[in-house]
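Here are the chains, one letter per residue:
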Amino acid sequence: MSTIPRPALFSYGFRPFFLLAALFAAAVIPLWLAVWAGHAALAGPFGPRDWHIHEMLFGYVPAVLAGFLFTAIPNWTGRMPRRGLPLVALSGLWLLARLAVAGALALPAWAVMALDLSFLLAVAAISVVEIVAGRNWRNLAVIVPVGLLAAANATFHIEAMTRGAADIGMRAGFACILFLILLIGGRIVPSFTRNWLSRQGPGPLPAPFGRFDRLALMASAAVLVLWSLAPGLPGLSAALAGLAGLHLARLARWRGWRCGRAPILWILHIAYLFLPLGFAALALDAPVAGLHLLGIGAIGGMTLAVMMRASMGHTGRPLEAGRVLTASFLLLCAAALIRALLPAQGGGPGLSGALWTAAFAGFVLKVGPWLTLPSVARRQPNPAARPRA
């Protein structure tokens, strides 16, 4: 009996969710700019500002997170990845939530919240089932940040329903995602860098994860919690400034300046650099600049860099960023800097939004076919090669 071939798009978790995340990122900012300029309106439960923030934190990021988890967990457990109908259903759930939040489904606010939360809860539930079935107990801890992100999302919805605007939920969402980057990025950036530098000959290697990193993570968690709940707390600016210095020192320990011939590596270091830049801006009482350095540069940059690398590795491509993807990342960095430095009245949002959109459009054009077509025969990576288109 012949079997119906399974579409490549739904054969692995990273494929549909990385593609959805990138398409959404490229489309939602032009829509936001139209709303911001008064050329379009949304009928959802949020005001324009809150809709923009919510969809970046709780729309775009959970799609990337789902793609990451459903690709990493099979590696942790040795089990077959979820594929086919479960991925189709989850993708449909994510899309329905985006439509509901935008007001396209004409649902009451409580129903929008329930639909929106159901995606992260489903991701958490599937992850628990797979990790427990694989008896990979130590990685159950990954569910904690997913649950915290869902709690921050619920807080965002409740604040919008009861107060008309979300503040604690917004900062809590930022805090959860930034801590994930500090935690996961703090593992993968020095690890990938060490592996590459070890093949390049003698020279200083990234410092291994140790007491300094644990201190940095504990300090970060404490400061981010305080910032989420009490942003006006006396002494918090000094704590944020200290956090900026701490993570600048942490980044320096990873020897990123030795990766100039490997764009697939130095883009990770630059994305991490936006964390201390954003913390420093918050310490200087420049919240708009700080949040955009963190949101566009750190969150957008790190997720884009991770999606690039994972898509290459899991579709059999060599780990070479190439001209298109390197340019996409640099456009995103420019978007972060312009939005942080240019005032709204000076055209900052429009120019920044155009650069952001171009960055993700470049990713979709280059990586989209890799995600929708079967993997190619695996070749040896050569990240030191010259960038190519």
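Everything numeric in this text was worked out from a predicted model, so none of it was measured.

Q: Can you explain the nonpolar core? Please cite residues and give values.
A: By size, the foremost hydrophobic cluster in this structure holds 132 residues, and its most contacted members are Tyr-60, Phe-174, Leu-275, Phe-279, Met-307, Trp-356 and Phe-360. At 15 residues, helix 10 (residues 287-314) tops the list of elements feeding residues into this core. For Phe-279, the contacting residues outside a window of four places in its chain are Leu-178, Leu-224, Leu-240, Leu-243, Ala-244, His-247 and Leu-294.

Q: Go over a nonpolar patch on the surface, please, and point to the residues and values.
A: A cluster of nonpolar side chains, namely Leu-96, Leu-99, Leu-105 and Leu-107, defines an oily patch on the protein surface of about 310 Å² accessible area. Among the structural elements, Leu-96 can be located in helix 3 (residues 85-101).

Q: Before we move on, can you summarise the environment of Pro-30 with the specific residues and values?
A: Here Pro-30 lies in helix 1 (residues 14-36). Remark: the alpha-carbon pair of Pro-30 and Val-112, spanning 82 residues in sequence, is separated by 23 Å.

Q: I'd like a rundown of helix 12 (residues 348-372), residues and numbers included.
A: Between its terminal C-alpha atoms helix 12 stretches 35 Å, which fits the 36 Å expected from 25 residues at 1.5 Å a residue. At Lys-366, helix 12 shows its strongest bend, of approximately 40°, with the proline Pro-369 following within four residues.

Q: Please set out the side chain of His-52 residue by residue, giving values where relevant.
A: Among the secondary structure elements, His-52 is positioned in helix 2 (residues 48-77). For His-52, a relative accessible area of 17% gives the class buried. Among residues more than four places away in sequence, those in contact with His-52 are Ile-29 and Trp-32.

Q: I'd love a proper account of the packing of helix 11 (residues 322-341) against helix 12, names of residues and values included.
A: Two elements in contact, helix 11 and helix 12, have axes separated by 8 Å at closest approach and are oriented at 160°. Between helix 11 and helix 12, the crossing angle belongs to the class labelled roughly antiparallel. Crossing of helix 11 against helix 12: the hand is left-handed. Tallied by class, residues from the contact of helix 11 with helix 12 come to 17 nonpolar, four polar and two charged.

Q: Before we move on, could you go through the confidence of the model for the protein and cite the residues and values that matter?
A: Parts of the model with low pLDDT should not have their predicted coordinates read in detail. Per-residue confidence for the protein gives a mean pLDDT of 91; residues scoring 70 or more make up 95%. Throughout residues 379-389 the model reports pLDDT below 50, and contacts reaching past four residues in sequence, or to other chains, amount to 31 contacts.

Q: So what's going on with the state of the cysteines? Residues and values would help.
A: Applying the stated criterion across every chain, the model contains zero disulfides. Not part of a disulfide, Cys-333 finds its nearest cysteine sulfur in Cys-259, a span of 15 Å.

Q: Any details on the packing of helix 1 against helix 12? Residues and values, ideally.
A: As a packed pair, helix 1 and helix 12 sit with axes 9 Å apart at the nearest point and diverge in direction by 155°. Relative to helix 12, the element helix 1 is oriented roughly antiparallel. For the pair helix 1 and helix 12, the sense of crossing is left-handed. Here the contact of helix 1 with helix 12 is composed, by residue class, of 19 nonpolar, five polar and one charged.

Q: How would you explain the packing of aromatic side chains if you had to name every residue and give the values?
A: Scanning all chains against the criterion turns up eleven aromatic pairs. On the numbers, 5.3 Å between centres and 80° between planes, the contact of Phe-24 with Trp-94 is edge-to-face. Note that Phe-24 is positioned in helix 1 and Trp-94 in helix 3, a separation of 70 residues in sequence. One exposure class covers both Phe-24 and Trp-94, and it is buried. Taken together, a centroid distance of 4.8 Å and an interplanar angle of 70° make the contact between Trp-254 and Tyr-272 edge-to-face. Of this pair, Trp-254 sits in the loop between helix 8 (236-252) and helix 9 (263-283) while Tyr-272 sits in helix 9; the two residues are 18 residues apart in sequence, bridging distant segments of the chain. For Tyr-272, a relative accessible area of 0% corresponds to the buried category. By the ring-pair criterion, three or more aromatic residues cluster together here, those being Tyr-12, Phe-14 and Phe-18.

Scoring rules and cut-offs
- Every chain's residues receive numbers from 1 upward, in the order its sequence appears when written.
- Note on the predicted model: pLDDT of at least 70 is required for a residue's local features to be given, and 80 or more for side-chain atom pairs to be given and counted; whole-chain, interface and lining totals, by contrast, use all residues.
- Just so you know, side-chain values use all the structure's heavy atoms and leave hydrogens and water out.
- Buried Ala, Val, Leu, Ile, Met, Phe, Trp, Tyr and Cys residues form a nonpolar core when they are joined through side-chain atoms within 4.5 Å.
- Throughout this description, buried means an accessible area under 20% of the type-specific maximum (1.4 Å probe, protein chains only), exposed means over 50%, and partly exposed covers the range between.
- Helical segments are the DSSP runs of H or I of at least four residues, strand segments are the runs of E of at least two, and each set is numbered from the N terminus.
- Residue contacts are counted whenever heavy atoms from the two residues lie within 4.5 Å of one another.
- Only residues whose relative accessible area exceeds 30% and that form no salt bridge are eligible for patches; like-charged ones are grouped when within 9 Å, while nonpolar side chains (Val, Leu, Ile, Met, Phe, Trp, Tyr) are grouped when within 5 Å.
- What sets the accessible areas is the Shrake-Rupley method with a 1.4 Å probe; for residues, cover comes only from the shown protein chains.
- Salt bridge criterion: a side-chain nitrogen from Lys or Arg within 4 Å of a carboxyl oxygen from Asp or Glu.
- Multiplying 1.5 Å by the helix residue count minus one yields the expected span of that helix.
- Each residue is assigned a bend, namely the angle between axes fitted to the seven residues that terminate at it and the seven residues that start at it.
- Helix axes use the C-alpha atoms of the stretch in contact, all axes being lines fitted to C-alpha atoms, and the angles between their N-to-C directions lie in the range 0 to 180 degrees.
- Throughout this description, any angle smaller than 35 degrees is read as roughly parallel, any larger than 145 degrees as roughly antiparallel, any in the 65 to 115 degree range as roughly perpendicular, and the remainder as oblique.
- In a left-handed crossing the near helix is turned counterclockwise from the far helix by less than a right angle, and in a right-handed crossing that turn is clockwise.
- Side-chain classes follow a simple rule in which Ala, Val, Leu, Ile, Met, Phe, Trp, Tyr, Cys and Pro form the nonpolar group, Asp, Glu, Lys and Arg form the charged group, and the remainder, Gly included, forms the polar group.
- What pLDDT conveys is the predictor's confidence in a given residue, as a value from 0 to 100.
- Any pair of cysteine sulfurs within 2.5 Å is marked as a disulfide.
- Centres within 6.5 Å are what make two rings of Phe, Tyr or Trp a pair, Trp counting through its six-membered ring; a difference in plane orientation under 30 degrees is then read as stacked, over 60 as edge-to-face, and the rest as tilted.

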